[in-house]
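# Examination of the molecular architecture
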Amino acid sequence: WIARPLLKARREGLRAWLRTRGARWIEDPANSNPDFARVRARADLAALAGAGFEPMRLAALAERLGPRAAALDHAAAALIKAEARFDEDRIAIALTRWREAPPAVRARALSALLAAAAGAEREPGADQAAEQQAAIEANDFKAATLGGALAQRRGQTITLSRDPGALRGRAD
């Protein structure tokens, strides 16, 4: 865990505080190098601020939502542990008890399982996972792919595996 005590401090406010104390500081040239995502993100946030949006409101919202996101992750992990079975290159989900979990928990769990089945570095987007979750629970669902994973339904079981097309280079 990394402690970042000045994360909420704004650059100009920090510089003003240092000036009042006669302190000097060194500018890190990496802080203006657009090769770094953080520099591009700061530029985007500055553009939003120029349009009247206060970026720190977004940071405050993220902080308030953090515990809810953690609770959702915890519930999804519990659902995966209880209802997903891992067998070599396949993941099986029995839909009977899976459906008892709240929709957001099922979608979050499915997102993690799709990434695991695909061997992907990141999960599909939340909206995509929610759409896939709704699709696999439909009575007429047979199969679909998302993010390099193949979802197939047989009776009340969903099987997730690597999409054969992704293995041949079609996906991703």
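As a reminder, the structure under discussion sits directly above these lines.
Just so you know, these numbers come straight off a predicted model, no measurement behind them. (Residues numbered from 1 in each chain as written. Predicted model: local features only at pLDDT ≥ 70, side-chain atom pairs only at ≥ 80, totals over all residues. Heavy atoms only, no water.)

### Details of the nonpolar core
- Of all hydrophobic cores here, the largest spans 23 residues; its most connected members are Ile93, Trp98, Leu110, Leu113, Ile158 and Leu160.
- If sequence neighbours within four positions are ignored, Trp98 has contacts with Leu79, Glu83, Ile93, Arg106, Ala109, Leu110, Leu113, Gln133 and Glu137. (Core = buried A, V, L, I, M, F, W, Y, C linked by side-chain atoms within 4.5 Å. Buried < 20%, exposed > 50% of the residue type's maximum accessible area, 1.4 Å probe, protein only. Contact = heavy atoms within 4.5 Å.)

### Details of the pairing of strand 1 (residues 84-87)
- Inspection of the sheet shows strand 1 paired to strand 2 (residues 90-94) by four bridges, in the antiparallel sense. From the neighbouring strand, Arg85 faces strand 2, where its bridge partner is Ala92.
- Counted along the chain from strand 1 to the antiparallel partner strand 2, the turn is two residues long, and its residue Glu88 has a positive phi close to 50 degrees. (Pairing = 2+ DSSP bridges. Helix = DSSP H or I, 4+ residues; strand = E, 2+ residues; numbered from the N terminus.)

### Focus: the packing of helix 3 (residues 55-83) against helix 5 (residues 103-118)
- Here helix 3 crosses helix 5 at 70 degrees, and the two axes come no closer than 8 Å. With respect to helix 5, the element helix 3 is oriented roughly perpendicular. Between helix 3 and helix 5 the crossing geometry is right-handed. Contact with helix 3, carried on its side by Leu72, Asp73, Ala75, Ala76, Leu79 and Ile80, involves Ala104, Val105, Arg106, Arg108, Ala109, Ala112 and Leu113 of helix 5 and no other residues of that element.
- Along the lines of polarity and charge, the residues of the contact of helix 3 with helix 5 split into ten nonpolar, no polar and three charged. (Axes fitted to C-alpha atoms, helices over the stretch in contact; angles between N-to-C directions. Parallel < 35°, antiparallel > 145°, perpendicular 65-115°, else oblique. Left-handed = near helix turned anticlockwise from the far one by under 90°. Nonpolar A, V, L, I, M, F, W, Y, C, P; charged D, E, K, R; others polar.)

### Comments concerning a nonpolar patch on the surface
- On the surface, Leu45, Leu48, Phe53, Leu58, Leu61 and Leu65 cluster together into a nonpolar patch covering about 460 Å² of accessible area.
- Those elements giving two or more residues to the nonpolar patch turn out to be helix 2 (37-50) and helix 3.
- Sorting elements by how many residues they give to the nonpolar patch places helix 3 first, with three residues.
- Tracing the sequence through the fold places Leu48 in helix 2.
- For Leu48, a relative accessible area of 39% translates into the label partly exposed. (Patch = residues over 30% accessible without salt bridge, like charges linked within 9 Å, V, L, I, M, F, W, Y side chains within 5 Å. Areas by Shrake-Rupley, 256 points an atom, 1.4 Å probe, with all protein chains shown as cover. Salt bridge = Lys/Arg side-chain N within 4 Å of Asp/Glu carboxyl O.)

### Brief notes about unusual backbone geometry
- Of note, the phi angle at Glu88 is positive, near 50 degrees, even though the residue is not glycine.
- The exposed category is assigned to Glu88, whose relative accessible area is 82%.

### Things to note about the environment of Leu7
- On the secondary structure map, Leu7 appears in the segment before helix 1 (11-20).
- Linking Leu7 and Gly66, residues 59 residues apart in sequence, is a C-alpha distance of 15 Å.

### Some thoughts on helix 6 (residues 126-137)
- Its twelve residues give helix 6 an end-to-end C-alpha distance of 17 Å, which sits within 8% of 16 Å, the value for a rise of 1.5 Å per residue.
- Along helix 6, the positions that sit buried rather than exposed are Ala129, Gln132, Gln133, Ile136 and Glu137. Each buried residue of helix 6 lies within a common arc of 125 degrees when the element is viewed along its axis, so the set occupies one face. In helix 6, those exposed residues whose orientation departs by more than 90 degrees from the buried face are Asp127, Glu131 and Ala134.
- Considering only its buried residues, helix 6 is in contact with helix 4 (95-98), helix 5, strand 3 (143-146), strand 4 (149-154) and strand 5 (157-162). (Expected span 1.5 Å × (residues − 1). Arc of directions from axis to C-beta.)

All quantities given are derived from atomic positions and should not be read as evidence of function.
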